[in-house]
Structures are given as C-alpha cells and as structure tokens.
Amino acid sequence: MGREHGAKSGAVLVVGGGVAGVQAALDLAEMGFHVYLVEKSASIGGAMARLDKTFPTNDCAL
Amino acid sequence: MTNATLESLEGEAGKFTAKVHRLPRFINEDLCTACGVCTMYCPVLVSDTYNEELAITRAPHKDYPQAVPASFYIDPKKCLFLNYETCQICIPTCQAKAIDFSQKEERLDLSVGAVILAPGFGRISDKVLARYGYGRFPDVVTSLEFERIMCASGPSRGEIIRPSDGKHPQKIAFLQCIGSRDITSGNGYCSSVCCMYAVKEATVVKEHAPDVDISIFYMDMRTAGKGFDASRQRARDTHHLRFIRSRVAEVRERGDKLRLSYADSEGNHKEDDFDMVVLSVGLESPEDAQSLAVTAGIKLNQYDFCDTKAFLPLDASRPGVYVAGAFQGPKDIPESVMQAIGSAAAAAEILHEARGTEVIRKEYPSEMGIAEEPRIGVFVCHCGINIGGVVNVSEVASYARTLKDVVSVDDSLYSCSQDSQKVIKDAIKEHNLNRVVVAACTPRTHEPLFQETLRDIGLNRSLFEMVNIRDQCSWVHAHEPKEATAKAKDLVRMAVAKARLLYPLPEQTVPVIPKALVIGGGIAGMTAALSIAEQGFECFLVENSAQLGGNLRRLKTTLTGEDPGQLLNEVETRARNHPRIKVYTNTQVENVSGYIGNFASTLSTETGSEVIEHGVVVVATGGREHRLKKYLYGQSKHVLTQLELEEILSSPEKAKKINEVVMIQCAGSRGDDLSYCSKLCCGQAVKNALRLKELNPAASIYVLYRDVRTYGFMEDYYREAREKGVVFINYEKENPPVVMPNDDKITVEFMDVLLGEKVKLEPDLVTLSVGIVPNEVEELAKLLKIPLTQENFFLEAHVKLRPVEMAVSGVYVCGLAHSPKPIDESISQARAAAGKACVPLSKGFVAVEPIVSSVGKDKCIGCGICESLCPYKAIHLIKVDKKKKAETITASCKGCGICASHCPTLAISMGGFTNEEIMAQIRAFGEC
C-alpha cells in the first residue's frame, strides 16, 4: 500500500514559516518537489523577522 | 498558506494525507495593494504583536512593512463587524475592493510524501519573568522587546528609550539565563542563543550611544559558534562592556532606578543601580508542541521539544516526519538553516522517485524579434503616497513623453500590482514596445517582477531598465518636493538613454553531470555521500587514509549514550554497499578543474591516477585533536587528551584504577595556540567525567574551566556531573593552572577564586581538552579557489543564510572542515550539504543570469589580469589560434564586473552594463 514504485507523492508539507520552514520549503521546491508551507500566523518570517540585526556580523535580519 | 494549522496526519512515509485548517484573512490577497488606507480608517485599536505589544495598530493591518504575503488581513478577535456585525468602515475605503467578509474557514486534504516540522520556539512564561520585576517595573524589558526598541522600524523608530518615562537610559544591565539553565523554571537546558544576542544588543546600544554603561550578568559566556568568541571579544574591547559572572538574585525599584543585588565570583554580596534591565529570555518549546506532537504522531523530549537521536538529529520518531530549527532544541539561525536544508534533503531521500511529478512548470511564450528602432515605454509609479506624496509623478510622466524614442508613458498608483502588470503588457502589444523603463522603487526587490512581465509577453528580460525614484528621490529628499521631482526627471532621462542601447541577452543554461564528488570519508563525508546517493545520484567518496570513519573510529561513547562503533559500522556498510557510491580509500584529490555542473578531478589512487567527471563537490575533509606543547603533554605519561582518556575509560578495569583526575579545559583553545573555541570539548569533558564516575564512583574529578559551554540539552549532563560530585572550578585566561612534574607523579596548581587561595593537587591523571584543528587543506582550497578563514576552516558563502555553500558555485562544505562541532551537528550539516549539492543535480542544468561578462576576443591581449582577480574562478585563459585569450565561464560568473573594470584594453563587457550603455547614461545626465 503506497510502497510500490511510483505511488509516492512528490509533494512535501512544511509546518511553520520561520527561517527554518521557509529555507526547507525553498530548497525542496528547487529540488523539484511541490511544497505546502503552512504557517499559523498571518505572515511568514517567524522570530527572525522581529530581529533588528543578527550576531556576529550585525547584518539586517530582514 | 497563512492562518493555517495542521489538524491531522494519516498514512505513512511516502503517502501521507494531511488535513490543514485555514482561517480567513478577510482581505483578498490577490486584490490587496497593501496601501494601508483600511488601517487608517479602522476605529479599533489593537496592540501590535510584531512590536512585542509596545506599539498599537488597528484591526486591518499587516505585521510589518516587508511582510509576506504582502497583503493586509483583519484581526478577527478585534474587528467590530466580525464580533458585533457593526462598522464595516473599511469596505468603502478600499479602492481595490479587496475586503471580503464573506471569506470562510477552509479544510484542505493534502497528499504529501513527507512532512517537515519547523514550528519554532515559544516564550518563557510571565511568571518566570516576574521574579525579576517584569510586569511590575516598566523598565524591566525582555530582550525581544529591547530588540524592537532598538529597531529603526520599531515603536520608537530606533531611539533607545525607557518605557517608563521615555528618557535615554545611561546604565543598562543584561541578565542572562532567564528561563534557561534553571530547573525551578522548568527549563534545565541552555537556550544556546542568548549570550550571542545579548552581546549583539549591547553592541548596537553602544553604537547608538557610546556613553551608555552596560553590564552583562552571566554564568558562562557560551559564544561557542564559528567566529563567535572573536566577536564577543571585539565587542568587549571596543565597547568596554562589563561582564560580571553572577546570577542576579533580585531586582528592586529604587527611585526611578532599578537596584540589582548579586553575589560576585569571589562570593561578595553587591548591589548596583541601573536605568534599565534587559532580561535575556531563553527559548521555550512552542506553546502548541503537545498538540502538534499528537497530530503529527511524534514523540517529544522531557522539555516538550521534538525528540531526536544524536545520530539522526533530523528524524522525528515517526518515519517520513522530519524536524528543523528550534523545535529540535534551542539553536541559532545558522544551525536552524542547516537543519532546514538537511531535512529537505531527508525528505528528498525518501521521495526521489517522485521528484518532479507534482511541480507546475511555468511556460513562457517564445521571444519576439525586436525592431531596430528603439520603441520605449516608460511607467512611473506613485507607490501610493510613498513616491507620489513628494514627487510630482504626473509631471515626471509628462516629461518622459518628450524624450526621444519614448512612444508610450503611463503612471499608476502601484506599478507592482497585478493589474499594472496587465497595463504594461497591453502597452507593449499596443505600441509594439521593445524597451521598458519603470520608475518606481528598488530593482533589488522589484526588478524580477517586471522582468517576469516582459517574459510573459515574449520580450527578453534584459530589455528592461529600472529607475529608483523612491529611495533616491522621495525618501532622501522628502522635504524638497521640487528638487525631488527634478531629480526624478534626470534619472528617467538617463534610464531612457541607457534603454535605447539595451539588447536582448540570451537565457543560458549549462548542463550538469549528475554525479557528486565527496572529499573526506569521516562521518560527515559518509553521511553526505549516502544522502546524495539516496537522492538518486552517483557519488564518488574519496578518503585520504586507509579507512573510512575518521574521528568516529576513536569515539567510544556519546554524551547521550549512543554507540559510535555501531554507527560507524552501519554507515560504513551502507556506504560501501550502496550501488550509487564508489568508495576510494588511500586516495588524494590531485587536481580539480571545471565549474559547477562540469568538474573533472584527478584522483591519485594506490593503483594510479584516475579522472572522474562530476557536477558538484562536497568538502568534508574534517579535523583532528590539536597537539599541544604545554602542560607537559607528551612529556609525562600522566597527561592525556580527552580522546586518550576516552580510550582508557573503554576498559572498566583501567578506569577503576583512576582515583583522581584534573581536567583542564581550553588547554589549546581560546588562547595562544588556537584563538577560537572548539565547541565540543566541554561536552566531551562532562561525558568522560560521568563515565568515570559511573565506573568508579569514588573518583575525584576536578574540571578547570573558563566557561562551561554545555549548550542546549547538554546542560542536563553538566548538572548531573555536578550532582555526582564532579567539581568545576573557574580560571581566567590570565591565570591558567600550572602542571609540574613531581618525581614519578604530577602536580597541578591553580587559583580557586571562591576560596581566594591557591590549590595544589597530585592527581593520577591530567586530562587536557586540547581543541580541534582542521586537517591540511591549503592545497585543496587553492585547487577549488575557495577562501579559508584565518584558522584554515573553509569559509562559507554567508554565515547565517548559506552555511554550507561556498563562494564558488557547486562546492559545499560540512563537518569539522567548516568549524569544530559535535557529531550531531556534523551529521545535520552533512545532510544539508548533500541537500544543496542535489539542487543542481536534480535540475540537470544551471541557469545563468544574463548579467555575465563576455570577452571581445579581438581586443583581448591575454594578459590574465582578469583571471587573477576573479573571486569566483569564473574567467580563465584559453588558447585561440596559439594566442592566449580570456574566456568567461558563464555558469560560474556572478556578474560582479571586476574583470571588466580591470581590463586594460576594455575587451571585457558586462551584459546589461556595457561601456556604451553606461556612457550614454552619463551623457544624458549632462543633457537637460
């Protein structure tokens, strides 16, 4: 059941739209998979989008 | 899908059905132009969660200006209509007619082959924070709140002020480990990020206001990551930050100040007053961790983070479900990004047969031929009031009509909106345009969108020029509307002059040989090779020495109790027997030539040389224990490294004879030998200490440390070691312990700060945490033209966002070759490197940006300056009719222009930025 060749789905579900979720989604899409990115709040970006700058280079987080 | 949660997950790996519940936004994403008028008219005030509730917004809003999706949404808890069926003021204010209260919640059944969980982290409860006066004293803030206060887009526009009275604080205290390393708060673990962000926040304050006095109260400074210690030191020295090793007992209010009481490292009771206190809050497991675990069918650990094993750090307990980021355990951005790429690779491993079956490929019409005569269309954007509020847009548009070759001009409220794209396409068709100029915001964010519009209608995307009249006109000249308008006209004239000379650039792709070379056969190299092979590609695994396994061969146990020998066995057997992996031992990489997609490498094997062709390279050359010349290492048989002790402890008989051990941490690291922190030695010392205590509970163990860096869940083992009687004693770099020979024995002398006196011990063994050095890689780095750090670790393309890619396309790094790290992190990173390596392999081609350099062979004199300067190994000399000529390797070229700007005969030209185009632009500036 679902194990034989060709029965696998070419789609992946990513739960969470922070930096990790977005990165995973982007890479999967680049690798040729359809991605559903599910985020519970109204915008993606997560905690990183709240940061002003990042250690150690003090680059802008956005 | 935003406002969406996972409700159930049925089925099995390869074939899951996920039910997703999606709540409405009440604003149509496709229609909303994000103009913000609805927010202005809404009567309901809502506290702004993006700004940590330090600011207010209104029911219809978006979280922050750059939010994705860019459309607004309505807060259903606060909206008057959704709660009381009144108001609806926003509906008529929206010109785009995007507000839609008829939207309903949806339930979607999705067929997916794998699931990646990346829900992030939660917040430390207010109850824990209240112990430090949070909630009672307004000037006690969390580090996240402070982050918003410092931010230019924050509630105070980046001005650092106290919440209580709006004054500038002169003296700020940071309290570390709030809600971390504290079993009374329920979190025994270390949150692994707070030391770094505290140093960062302190640095930013100092850059704003150099006179502010900053004290950081900490237990151990755990700046263990790559380059982190150096940054901390720099911050301390440049900005004179005060680091105080102490846990603050109490925060009280005293007048308009906050009084902290604490005990210093000598045990003295102290008090000090501050204007503001920042609580460095830790990372809690996500609030919905337990329900997510039930829904996804996975196990959690004791702290409600996702349970994983040291050797399978990305695999949740249910097959086909992977985890990335802070949900796997507290971690920083680079580690999260690495895990994310690694989990994507893990999903690709099980689904590789189905790759490409469900993607929707975009088709473009074939490109139309263009007439000789330039026919230019100019589109000027108001950007709501963002440009239009300062620049007289219709005046700029009228001016554009007067310019030569301009046959169509239009201005729109938002050129980037979907309907504006249609306007542009219609104009291209109607006026037979063959060049397009858009005067709007920055090409950095919007050029691809407009280029896409051109491609959609069959125009080459290089026939596009963008003018930034927002940043360069309305923003910087906000108070001089006349001048801003004049400048906008100048810029449009210059862009039109350049546009006249634009010509179509070919959309190039380069085919990729679907094979990988992995250099290094330790755990990182083997893991990477296996992942690449499991993703369906052939892989050459090349190991210098006679055996696979690297350092893993010397490990006997792990801190978490796994068996490294078994791991080695399994992974080596799989790698050796995998039909798509070819293992080479006793083999060196002699030469590498070529570029992404088309490398050819010469291997020197025991039986001779062999040339292999491959599309990508993974560097996993590893590292080893540093060899010390101090502390009598190599002179006394009583002085060992941690790995040597580990070997002895693998025999219980020998272990039982050890009655007293002194471990010296940072014996090689963080000092004169190695300047950096080796990250894994603290965990190793705790592991060996616990193992010895298990075999010989009576043994006395002293660990002399600078900072104990048992970050994340390792902290539990550090606590266990202390509970079992292992004594940890701090020493300062300036005052290291001294190891002396003593007849057949050995003496260690060190300063015990708490006792305030020198202590002398005569242990059976002194164990040195010697640190990690990279293997010799200078030659390889030169072959691949990849930069190394000062310490000879490979330098990644971006420390945060591209942690496994290198400056040279098609080359990836993982494991100790990148930086010292424990085994689980090496495994995650190896899978990440494999993930990135498989991107070009799966695509089968590399798309080349049209902005690459090209060499005019007639003018080229073959001097080679370009080749020596190119940072990407993207231009080289070839023989043409017995003469040396430069040639661009378009697949590797990043379009930086260094070669073109240094060519003495102006033989090199940049697509889209030719000398003629730029000269025309400059001449047009002088015209008016």
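The rules we used
Residues numbered from 1 in each chain as written. Chains lettered and ligands numbered in written order. Predicted model: local features only at pLDDT ≥ 70, side-chain atom pairs only at ≥ 80, totals over all residues. Heavy atoms only, no water. Core = buried A, V, L, I, M, F, W, Y, C linked by side-chain atoms within 4.5 Å. Buried < 20%, exposed > 50% of the residue type's maximum accessible area, 1.4 Å probe, protein only. Contact = heavy atoms within 4.5 Å. Buried area = accessible area lost by both parts, 1.4 Å probe. Salt bridge = Lys/Arg side-chain N within 4 Å of Asp/Glu carboxyl O. Polar contact = N/O pair within 3.5 Å; in protein donor to acceptor, adjacent residues only side chain to side chain. Pairing = 2+ DSSP bridges. Helix = DSSP H or I, 4+ residues; strand = E, 2+ residues; numbered from the N terminus. pLDDT = per-residue confidence, 0-100. Axes fitted to C-alpha atoms, helices over the stretch in contact; angles between N-to-C directions. Left-handed = near helix turned anticlockwise from the far one by under 90°. Nonpolar A, V, L, I, M, F, W, Y, C, P; charged D, E, K, R; others polar. Expected span 1.5 Å × (residues − 1). Phe/Tyr/Trp six-rings, centres within 6.5 Å; stacked < 30°, edge-to-face > 60°. Lys NZ or Arg CZ within 6 Å of the ring centre and 35° of its normal.

Peer 1: For this particular structure, what's the right way to read the nonpolar core?
Peer 2: Looking at soluble globular proteins, one finds that nonpolar side chains tend to be buried together. Residues Ile532(B) and Val618(B) are the most contacted members of the largest nonpolar core, which totals 66 residues. Beyond its immediate sequence surroundings of up to four residues, Val618(B) is in contact with Leu517(B), Val518(B), Ile519(B), Ala528(B), Ile532(B), Tyr812(B), Cys814(B), Ala833(B) and Ala837(B).

Peer 1: Could you clarify how one ought to interpret the interface of chain A and chain B in this entry?
Peer 2: Size of an interface, as often reported, equals the accessible area lost when the parts are brought together. Residue-level contacts link 50 residues of chain A with 83 residues of chain B. With both sides pooled, the region where chain A packs onto chain B buries about 5,600 Å², and carbon together with sulfur makes up 62% of that total. When residues of chain A are sorted by the area they lose upon contact with chain B, Met31(A), Arg50(A) and Phe55(A) head the list and together hold 15% of the total. Where chain A packs against chain B, one counts five salt bridges. Note that Arg50(A) and Glu52(B) form a salt bridge whose closest N and O atoms lie 3.9 Å from each other. Joining chain A to chain B, the criterion identifies 30 residue pairs in polar contact (both at pLDDT 80 or more). Across four bridges, the pairing between strand S1 (residues 11–15) of chain A and strand S8 (residues 114–117) of chain B is parallel.

Peer 1: Looking at this model, I keep getting lost on the pairing of strand S41 (residues 845–848) of chain B. Mind explaining?
Peer 2: The side chains of a regular strand alternate, first on one face of the sheet and then on the other. Residue and element names in this part refer to chain B. In S41, alternate side chains face the same way, and those of Val846 and Val848 are buried while those of Phe845 and Ala847 on the opposite face are not. Across four bridges, the pairing between strand S22 (residues 508–511) and S41 is antiparallel. Bridge assignment links proline 511 to a residue of S41, and that residue is phenylalanine 845.

Peer 1: What is the right way to read the confidence of the model for chain A from this model?
Peer 2: The predicted coordinates should not be examined in detail at positions where pLDDT is low. With 79% of its residues at a pLDDT of 70 or more, chain A shows a mean pLDDT of 83. Model confidence for chain A, summarised as mean pLDDT per element, is weakest for strand S4 (residues 59–60) of chain A at 61 and strongest for S1(A) at 96.

Peer 1: Just to check I follow, could you spell out the sheet that holds strand S25 (residues 581–584) of chain B for this structure?
Peer 2: In a beta sheet, neighbouring strands pair by backbone hydrogen bonds and run either parallel or antiparallel. Residue and element names in this part refer to chain B. Across the sheet, which stays open at both edges, the five strands sit in the order S25-S24-S23-S29-S40 with parallel pairing between neighbours. Every other strand in the sheet has two partners, leaving S25 and strand S40 (811–813) as the edge strands with one partner each. Averaged over all pairs of adjacent strands, the angle between their axes in this sheet comes to 20°, without regard to strand direction. For strand S29 (residues 616–619) and S40, the ladder comprises three bridges, and the chain directions are parallel. Its bridge partner lying in S40, valine 618 is registered against tyrosine 812. Across the sheet, helix H15 (residues 523–534) lies against strand S23 (515–519), strand S24 (538–542), S25 and S29, angled at about 170° from S24, the strand it touches most.

Peer 1: How should the packing of helix H10 (residues 393–401) of chain B against helix H14 (residues 481–501) of chain B be read in this particular structure?
Peer 2: Two quantities define a packed helix pair, namely the angle between the helix axes and the distance between the axes. Residue and element names in this part refer to chain B. Contact geometry of H10 with H14 gives a least axis separation of 10 Å together with a crossing angle of 35°. Along this stretch, H10 crosses H14, giving a crossing that reads as right-handed. Facing H10, whose interface residues are Glu395, Val396, Tyr399 and Ala400, H14 presents Thr485, Ala488, Lys489, Val492 and Arg493. Residue classes in the contact of H10 with H14 are distributed as five nonpolar, one polar and three charged.

Peer 1: Whenever I open this one, the packing of helix H1 (residues 19–30) of chain A against helix H9 (residues 333–351) of chain B confuses me. Can you help?
Peer 2: Axis separation between H1(A) and H9(B) bottoms out at 8 Å; the angle between their running directions is 35°. Handedness of the crossing formed by H1(A) with H9(B): right-handed. Taking contact as the criterion, the partners of Val19(A), Ala20(A), Gln23(A), Ala24(A), Asp27(A) and Leu28(A) in H1(A) are, on H9(B), Ile333(B), Ser336(B), Val337(B), Ala340(B), Ile341(B), Ser343(B), Ala344(B) and Ala347(B). For the contact of H1(A) with H9(B), the residue count by class is ten nonpolar, three polar and one charged.

Peer 1: How should the sheet that holds strand S32 (residues 660–664) of chain B be read in this particular structure?
Peer 2: Residues and elements named next belong to chain B. Pairing is parallel across the open sheet formed by five strands, whose spatial order is S31-S38-S32-S33-S34. The strands lining the two open edges of the sheet, one partner per strand, are strand S31 (639–641) and strand S34 (727–730). Between one strand axis and the next, the sheet turns by 25° as a mean value, whatever way the strands run. Here S31 runs beside strand S38 (residues 765–768); their pairing, made up of three bridges, is parallel. Bridging from a neighbouring strand, threonine 641 pairs with leucine 768 of S38.

Peer 1: I keep staring at the pattern of salt bridges and nothing clicks. Help me out?
Peer 2: It is possible for side chains of opposite charge to pair when their charged atoms get near one another. Residues and elements named next belong to chain B. For the structure shown, the criterion picks out 68 salt bridges over all chains. In this structure, the salt-bridge partner of glutamate 805 is lysine 836, at a minimum N-O distance of 3.9 Å. Here glutamate 805 is found in the loop between helix H21 (778–784) and S40, whereas its partner lysine 836 is found in helix H22 (residues 823–843), with 31 residues between them in sequence. Under the relative-accessibility criterion, glutamate 805 is labelled buried at 15%. A relative accessible area of 12% places lysine 836 in the buried class. In the salt-bridge network here, residues are joined through shared partners; they are Arg181, Asp220, Arg222, Asp229, Arg232, Arg245, Arg670, Asp707, Arg709 and Glu715.

Peer 1: What should I look at first to understand H15(B) in this one?
Peer 2: Residues and elements named next belong to chain B. Helix length check: H15 (twelve residues) gives 16 Å between terminal C-alpha atoms against 16 Å at 1.5 Å per residue, within 8%. The buried fraction of H15 amounts to eleven of the twelve residues, a majority that puts the element mostly inside the structure. With its phi angle positive at about 105°, glycine 536 sits one or two positions after the end of H15.

Peer 1: Which parts of the structure should I look at to understand the packing of aromatic side chains?
Peer 2: Two aromatic rings, taken as a pair, are described by how far apart their centres are and by the angle between their planes. Residue and element names in this part refer to chain B. Within this structure, the stated rule accounts for 17 aromatic pairs over all chains. Residues tyrosine 718 and phenylalanine 728 carry aromatic rings whose centres are separated by 4.7 Å and whose planes lie at 80° to one another, so their mutual orientation is edge-to-face. Taken together, the positions of tyrosine 718 in helix H20 (residues 715–723) and phenylalanine 728 in strand S34 put the pair ten residues apart, joining distant regions of the chain. Taken together through their ring pairs, the aromatic side chains of Tyr189, Tyr303, Phe305 and Phe713 make up a single cluster. Here the basic side chain of arginine 455 rests over the ring of tyrosine 364, its NZ or CZ set 3.9 Å away from the ring centre. The cationic tip of arginine 722 hangs over the ring face of tyrosine 718; the distance from NZ or CZ to the ring centre is 4.3 Å.

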